[in-house]
Amino acid sequence: MYDTNMQLWNEVRRAVLVDGVSQTQACQQFNIHSDTLKRILAHSEPPGYQRSKPREKPKIEPFIPIIREILENDRNVPVKQRHTGQRILARLREEHGYVGSQTTFYAAFTALKKSNRALYVPLKHPPGEAQFDFGFAHAKVKSKMTKLAYAELSLPYSNVRYLQIFPVECTESFQEGLKRAFHFLGGVPTLIKFDNSKVAVRKIIGFRGSEPTREFLRIASHFLFRHHFCKVRQPQEKGHVENAVGYSRRNYLVPLPEFEEFASFNRHLEEKCREDMSKTSARKKQSIAELFTEEKKFLLPLPDVEFESRRVELRNANSLSLVRFQSNDYSVPTEHAHKPITVVGDMDHVRCLVGGTVVAVHQRDWGKNNAHYNPVHYLAIAERKPNTLEFGQPFADWDLPKEFEVLRCRLAAAAGSKLGMRQYIKVLRLLESCTLDQLAQAVRRALELKAISYETIRFCVQDKNEVPLDLFALDDRPHLQIVRLPQPNLTVYTQYAKEQYEKTRNEIHRPFETSPQTTETSDDGKRVRRDGTALCEGERRSPRLPVADGGTGTARTRSPGDRTPAQDGAIPELENSGIVRFQGPAVLEQNAGQRIDARDLSCPTRIDHPDRSTRDGQDAPGDGLRNQGVSVGQEGEILSHHRADYEDDRSEGRTNAGTIQKGIGFAGLVDFG
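Just so we're clear, the structure is a prediction, and the values are computed from it rather than from any experiment. (Residues numbered from 1 in each chain as written. Predicted model: local features only at pLDDT ≥ 70, side-chain atom pairs only at ≥ 80, totals over all residues. Heavy atoms only, no water.)

**As for the pairing of strand E14 (residues 357-363)**
- Judged from the six bridges that link them, strand E13 (residues 349-354) and E14 form a sheet pairing that is antiparallel. Bridging across to E14, leucine 353 finds its partner in valine 358. (Pairing = 2+ DSSP bridges. Helix = DSSP H or I, 4+ residues; strand = E, 2+ residues; numbered from the N terminus.)

Right, here's the structure in full:
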């Protein structure tokens, strides 16, 4: 009691050392032992209880080296598989025969564990340096519990924190997290510390990453920051961001977040990071925003070119026109099946390229073993195999506007189910060059016009896609304003149109008009053929029946090579004559008043050429007509009926009968070619 009574200690020392009281008198006056007086005079304050040697622990002492060895070996073992105090105590009892109490063991275990802890040196954090790491948390995305990864970047000097949440930790999320953090800071840190994740490090030598991945070097080369990889299982080298990961989980992700899309929730997290900048940093008087204003001067400027966060892989499309990317399948047009495809995946989309041209774009799927089809990619096969539209998996969940079902029913009703289905698929293939909304408007327009053909719908699509031409103004173009163009003469067009109309009208209403070979001489005004043989008065020759080139009124024998393709097999060649005569539906003898038209010849009567060298008064063998032809040197009546084809609206009279003289042939030579 006296040893700890500082007031008594002070009075005894003053009485002996200042007032000159002897030690015997001091012992009697303060009622203390002489040994106590000597200890008071030797120390200015009570020295406390001290043992000359530690107290012996006979039961636990032999096991101290064993416990120390177990703790030393645990340093190279994962944290979750290290020995606990209870496990060490059980091993001591089972393997080494420890019989002491549990209290004695835990007292020795706690002392050894404290002495076995690692020691660290505080790190300096100059302005402009940052640390980056990933954390993990759970959230309800579209009402489904999912484990997510969030990228965190912190500036130790100003204590600025920024995080964004992603579906998984991968190359794309790694690059996108850094990119968004740089834009949030308005600059790029000069040095960033990373851990040894597979996203950033391709090869580790010793305890530190030595060879970065290509995608890591790509983003480092774009933003020009220096990097430092920490030692394996040594998080204290980037302790600031490790603490920031825990702080963000406790403050931003509690309670369990629920959201439908990542973009909206990431905007919410960014606002939270901005609000935290108004707080005061630990052990500093300035706020985080004020410290960041000072640190921002040390950041590198952002590049002018936007960085693209993506992963590129070279794949081959299979027989189903699918390419595999990150445990999922994506479709490409069937024309690219069995060909190499370059797949580019970012945070939102997957693009498939062939020769630098994008042939397919899909929404990014972060799940596994899923297939994503674009029905348009399979329409080329469906056009050849229409049943695939009913049973093909790519078309199973294709949600088309109701106008397409109406079009499908009308095409089936108009052309039949099979042909209508092919026409419907042909219309759907217009989606290869236009959007679904554009095609839906075109189909709606075609249904209103009651013209549902493919050509009509394609025209409606093209009409909507045409860009109106801008008016060409002559303002600020004085050199063009002085140009004057004459007014067009429309009478030339009117005359040409009239001639074309007359020509078309003659061809339609007058099948037996004068051929181009017929001309009118200036001497007698008679109409003669090119070969010199005059036509009968009022006689007209159809352009469909060209004149003969064999001479004036004489027949000539054609060689086999002179026969036209139509004559071979279709019209038999007569004996001793190369003249082609009408057979079958050709009409040259009809009832009076019946019009003769080359397009509607129905009379079976056949007429030989009048100049044929046959027996007098007889037809050629096999003609079927007797005493109706004209022999050489005779005049015979050929047509005894009314020639209706002689008259038209401008004719002056009607010819009831026609005669033909020697050397004048009516039928002529017909070129069926």
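Further notes follow.
**Some remarks on helix H10 (residues 262-276)**
- The terminal C-alpha atoms of H10, which comprises 15 residues, lie 21 Å apart, in line with the 21 Å expected from a rise of 1.5 Å per residue.
- Turning to H10, its buried residues are Phe265, Asn266, Leu269, Cys273 and Asp276. Taken around the axis of H10, the buried residues stretch over an arc of 100°, which confines them to a single face.
- Tucked into the core, H10 has its buried residues touching strand E3 (160-166), helix H7 (171-185), helix H9 (239-252), strand E8 (258-259) and helix H11 (288-295). (Expected span 1.5 Å × (residues − 1). Buried < 20%, exposed > 50% of the residue type's maximum accessible area, 1.4 Å probe, protein only. Arc of directions from axis to C-beta. Contact = heavy atoms within 4.5 Å.)

**Observations concerning the pairing of strand E4 (residues 191-194)**
- Side chains Leu191 and Lys193 project from E4 onto one buried face, and the interleaved Ile192 and Phe194 project onto a second face that is buried too.
- In terms of strand pairing, strand E1 (residues 129-141) meets E4 through three bridges, oriented parallel. Of the residues in E4, the one forming a bridge with alanine 130 is isoleucine 192.
- Of the strand pairs in this sheet, E4 and strand E7 (residues 226-229) are connected by four bridges, and their pairing is parallel. When the sheet's bridge partners are listed, leucine 191 is paired in E7 with arginine 226.

**A closer look at the confidence of the model for the protein chain**
- Chain-level statistics for the protein chain give a pLDDT mean of 78 and a share of 73% at 70 or above.
- Confidence over residues 512-673 falls short of pLDDT 50; this stretch has 241 contacts with residues more than four positions distant or in other chains. (pLDDT = per-residue confidence, 0-100.)

**Some points on the packing of aromatic side chains**
- Taken as a whole and judged by the stated rule, the model has 23 aromatic pairs.
- Ring geometry for phenylalanine 105 and tyrosine 106: centres 5.3 Å apart, planes at 70°, overall edge-to-face.
- The class of tyrosine 106 is partly exposed, set by a relative accessible area of 28%.
- Measuring from centroid to centroid gives 5.8 Å for phenylalanine 174 and phenylalanine 194, while their planes differ by 45°, and the two rings are tilted. One end of the pair, phenylalanine 174, is in helix H7; the other, phenylalanine 194, is in strand E4, and 20 residues separate them in sequence. Both residues of the pair, phenylalanine 174 and phenylalanine 194, count as buried.
- Grouped by ring-pair contacts, the aromatic residues Phe132, Phe134, Phe174, Phe182, Phe194, Phe216, Phe223, Phe225, Phe229 and Phe307 constitute a single cluster. (Phe/Tyr/Trp six-rings, centres within 6.5 Å; stacked < 30°, edge-to-face > 60°.)

**Observations concerning a nonpolar patch on the surface**
- A grouping of Ile482, Val483 and Leu485 is seen on the molecular surface, where their side chains present a nonpolar patch of about 370 Å² in accessible area.
- Among the structural elements, isoleucine 482 can be located in the loop between helix H18 (478-481) and helix H19 (490-509). (Patch = residues over 30% accessible without salt bridge, like charges linked within 9 Å, V, L, I, M, F, W, Y side chains within 5 Å. Areas by Shrake-Rupley, 256 points an atom, 1.4 Å probe, with all protein chains shown as cover. Salt bridge = Lys/Arg side-chain N within 4 Å of Asp/Glu carboxyl O.)

**Looking at H9**
- Over its 14 residues, H9 runs 20 Å from end to end, which matches the ideal 20 Å to within 8%, given 1.5 Å per residue.
- Those residues of H9 lying buried are His240, Val241, Ala244, Val245, Gly246, Ser248 and Tyr252.
- Close packing links the buried residues of H9 with E1, strand E2 (144-155), E3 and H10.

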